[in-house]
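# Per-entry structural report
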Protein chains: 2
Amino acid sequence: MKDLNKRSKIIAAATKVFAKKGFFTARISDIAKEAKVADGTIYLYFNNKYDILISVFEEEIGKIIEQIKKILATETDPKRMLEMYVTRHLQTMKKNRNLAEVIQIELRQTNKLIKEYRNTKFIEYTDMMADIVRLGQSQGVFRDDIEPDIAKRFFFGALDEVSRIWTTSAEGRYSVEEIAGQLLQIILTGISAPNGRLADPDGCSAT
Amino acid sequence: MKDLNKRSKIIAAATKVFAKKGFFTARISDIAKEAKVADGTIYLYFNNKYDILISVFEEEIGKIIEQIKKILATETDPKRMLEMYVTRHLQTMKKNRNLAEVIQIELRQTNKLIKEYRNTKFIEYTDMMADIVRLGQSQGVFRDDIEPDIAKRFFFGALDEVSRIWTTSAEGRYSVEEIAGQLLQIILTGISAPNGRLADPDGCSAT
DNA sequence: TGTAACTGAATGAATGACCATTCATCGTAT
DNA sequence: ATACGATGAATGGTCATTCATTCAGTTACA
């Protein structure tokens, strides 16, 4: 019985190994050992090493996206949506450090490695942020003079680099709430419309 | 005559090749060909492949740091300093795309590759931003409730990801001024002290 | 000045290590 | 007995690195 469970086990192992050693220095035999499986078994579930990496993206990041989408669907206030996005992202990265490492480091290389592969899942993820900004602008809550496509990069970059606090050992002391608070402080103050007619009543939704 | 110039030629070639193919898929023979030099010649100037990568960081990034340091030294107003840092960073990244690629992608892997190597030059670079924030806080220009060590990551991450606009083809249309303007808009509004000249527009003093 | 010996940079073919991938074989469930 | 997942040793290809050799310039001496 070709075990679907075994596939997940290999993906989990690969995530761990890629996180620790990086895609190129990771050996198939490392992944096999971590998954408690023979080297050859991996090729019953994946075509090659790249295929494993792509599967990590597709399946693991896919899960995160679905979760955030579900959460955002319960909310209509753009400021709140931003809060949720930021908080959830940080929570996930802190909790799942291995995945965080793989996203942060290997994701950026992927385009270079595998020309045919456009990481649509990932683009979808960052585009959600641009959409939130647009929504806020249409409601007059966010400044009009901000380009959503620049803002999404700005925010994602900030989130991504900040969450490296937890992967690069030293300053692990900060809590998700603390960091989310700081980011939202800056972001929300920075992009709120000067006299937003529909602005958050107390004008201060951070934290 | 052992040509110092040849060393630079190899570094320049390596920067280009690493940017295009990434450290691991780049072959020494690629670099040699790009530098118009024999494979073996490279080993007269560098110990090994890693050594080339580190040299790219040390020497090329080193130059950038020196330049920004020099520029910042002419200024005492923290807001202006932030403006200068941001603008200069973006200018450099747009101008020198290959180096930008190497920094953005390979830099993050370096720790994993070469355990002994701590990229002090780079830490120095991001710490400059933390120092600017601290300076601003001591002058009462920036909010006190912002952690400089979180802010530096926030800003660097944002800058880094935003400048990928120029390396990942698609949206190369944006100008440095345009993007710097957007970032500074958000950053300065976001971190200014409630009653500074660029005070929080809706008078919100959170926390 | 001509030439013979010397120096060390440059070359690139050859070496050897490493590792992704394959496949003949094994074990187990039905 | 048959089918099929699992195994892991063997294979083959890909480079990083080495090093015997070439080559250009410099010195020494007549």
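### Let's talk about the interface of chain B and chain A
Tallying the contact residues gives 48 residues for chain B and 46 residues for chain A. The contact between chain B and chain A buries some 4600 Å² in all, and 59% of this surface belongs to carbon and sulfur atoms. In this structure, the connection of chain B to chain A is made through zero salt bridges. There are ten residue pairs in polar contact (both at pLDDT 80 or more) connecting chain B and chain A. At the level of secondary structure, the elements contributing two or more residues to the side of chain B that touches chain A comprise α1 (4–21), α6 (97–113), α8 (148–162), α9 (164–167) and α10 (176–191) of chain B. Considered class by class, the residues forming the side of chain B that touches chain A number 20 nonpolar, twelve polar and 16 charged.

### A closer look at the relation of the copies chain B and chain A
It takes a turn of 180° to lay chain B on chain A, together with a shift of 0.0 Å along the axis; the resulting RMSD is 0.1 Å. The two molecules are tied by a two-fold rotation axis, judged by turn and shift. Comparing contact sets, 88% of the residues at the interface of chain B also lie at the interface in chain A, consistent with an isologous, same-surface contact.

### Points about empty space enclosed by the protein
Residues and elements named next belong to chain A. Within the structure shown, the criterion is met by three cavities of 30 Å³ or more. What lines the second largest cavity is simply I61, I64, H89, M93, I103, F122, Y125 and F156. For the lining of the second largest cavity, the elements supplying multiple residues, two or more each, are α4 (49–73), α5 (78–95) and α7 (120–138).

### With respect to the packing of aromatic side chains
Tallied over the full model, the rule gives 14 aromatic pairs over all chains. Ring geometry for F24 of chain A versus F24 of chain B: centroids 4.7 Å apart, planes at 25°, classification stacked. Of this pair, F24 of chain A sits in the loop between α1 (4–21) and α2 (28–35) while F24 of chain B sits in the loop between α1 and α2 (28–35), on two different chains. For the ring pair F154 of chain B and F155 of chain B, a centre distance of 5.3 Å and an interplane angle of 85° mean the geometry is edge-to-face. Owing to a relative accessible area of 1%, F154 of chain B belongs among the buried residues under this scheme. Residue class for F155 of chain B comes out buried when judged on its relative accessible area of 1%.

### Examining unusual backbone geometry
Residue and element names in this part refer to chain A. Positive phi is not limited to glycine here, since K36 has a value of about 55°. Locating K36 in the fold gives a position in the loop between α2 and α3 (39–45). According to the relative accessible area criterion, K36 is exposed, its value standing at 74%.

### Considering α8 of chain B
Compared with the 21 Å implied by 1.5 Å per residue over 15 residues, the 21 Å span of α8 of chain B between its first and last C-alpha is a close match. Counting buried positions along α8 of chain B gives 15 out of 15 residues, so the element sits mostly inside the fold.

### Describing the confidence of the model for chain A
Residues and elements named next belong to chain A. Taken as a whole, chain A shows an average pLDDT of 86; of its residues, 87% reach a score of 70 or greater. Within chain A, no element has a lower average pLDDT than helix α6 (residues 97–113), which sits at 79, and none a higher one than α2, at 96. Low pLDDT, under 50, characterises residues 196–207; the stretch is placed with 22 contacts to residues that sit more than four places away or in other chains.

### Focus: the protein's contact with DNA strand C
Near DNA strand C there are 16 residues, and of these I28 and Y43 of chain A together with K6, T41 and Y45 of chain B occur at the shortest range. Contact between DNA strand C and T41 of chain B: a phosphate oxygen at 2.4 Å from a side-chain N or O atom of the residue. Looking at the surface near DNA strand C, the elements with two or more residues in it are α3 of chain A together with α3 (39–45) of chain B. For the surface near DNA strand C, the element with the highest residue contribution is α3 of chain B, accounting for four residues.

### What about the protein's contact with DNA strand D?
The environment of DNA strand D is made up of 15 residues, and the closest members are K6, T41 and Y45 of chain A together with I28 and Y43 of chain B. If you look at DNA strand D and keep only atoms within 4 Å of the protein, 79% of those are sugar or phosphate atoms. Take G40 of chain A: an N or O atom from its main chain is 3.2 Å from a base nitrogen of DNA strand D. One nitrogen or oxygen atom from the main chain of A26 of chain B is found 3.3 Å from a phosphate oxygen belonging to DNA strand D.

### Topic: the pattern of salt bridges
Taken as a whole and assessed by the stated rule, the structure comprises 26 salt bridges over all chains. The partner of K16 of chain B in a salt bridge is E34 of chain B, with the nearest N and O atoms 3.2 Å apart. Remark: E34 of chain B occurs in helix α2 and K16 of chain B occurs in helix α1; sequence separation between them is 18 residues. Here K16 of chain B falls in the partly exposed class, since its relative accessible area comes to 42%. In this structure, a network of salt bridges that share partners links the residues D127, D131, R134, D149 and K152 of chain A.

Analysis parameters
Residues numbered from 1 in each chain as written. Chains lettered and ligands numbered in written order. Predicted model: local features only at pLDDT ≥ 70, side-chain atom pairs only at ≥ 80, totals over all residues. Heavy atoms only, no water. Contact = heavy atoms within 4.5 Å. Buried area = accessible area lost by both parts, 1.4 Å probe. Salt bridge = Lys/Arg side-chain N within 4 Å of Asp/Glu carboxyl O. Polar contact = N/O pair within 3.5 Å; in protein donor to acceptor, adjacent residues only side chain to side chain. Helix = DSSP H or I, 4+ residues; strand = E, 2+ residues; numbered from the N terminus. Nonpolar A, V, L, I, M, F, W, Y, C, P; charged D, E, K, R; others polar. Least-squares fit on C-alpha atoms with pLDDT ≥ 70 in both. 1 Å grid on protein atoms, 1.4 Å probe; cavity = no way out; pocket = protein on both sides within 12 Å on 5 of 7 lines; lining within 4 Å. Points joined across faces, edges and corners; volume = space filled by probe spheres on them. Phe/Tyr/Trp six-rings, centres within 6.5 Å; stacked < 30°, edge-to-face > 60°. Buried < 20%, exposed > 50% of the residue type's maximum accessible area, 1.4 Å probe, protein only. Expected span 1.5 Å × (residues − 1). pLDDT = per-residue confidence, 0-100. Near = heavy atom within 4 Å.

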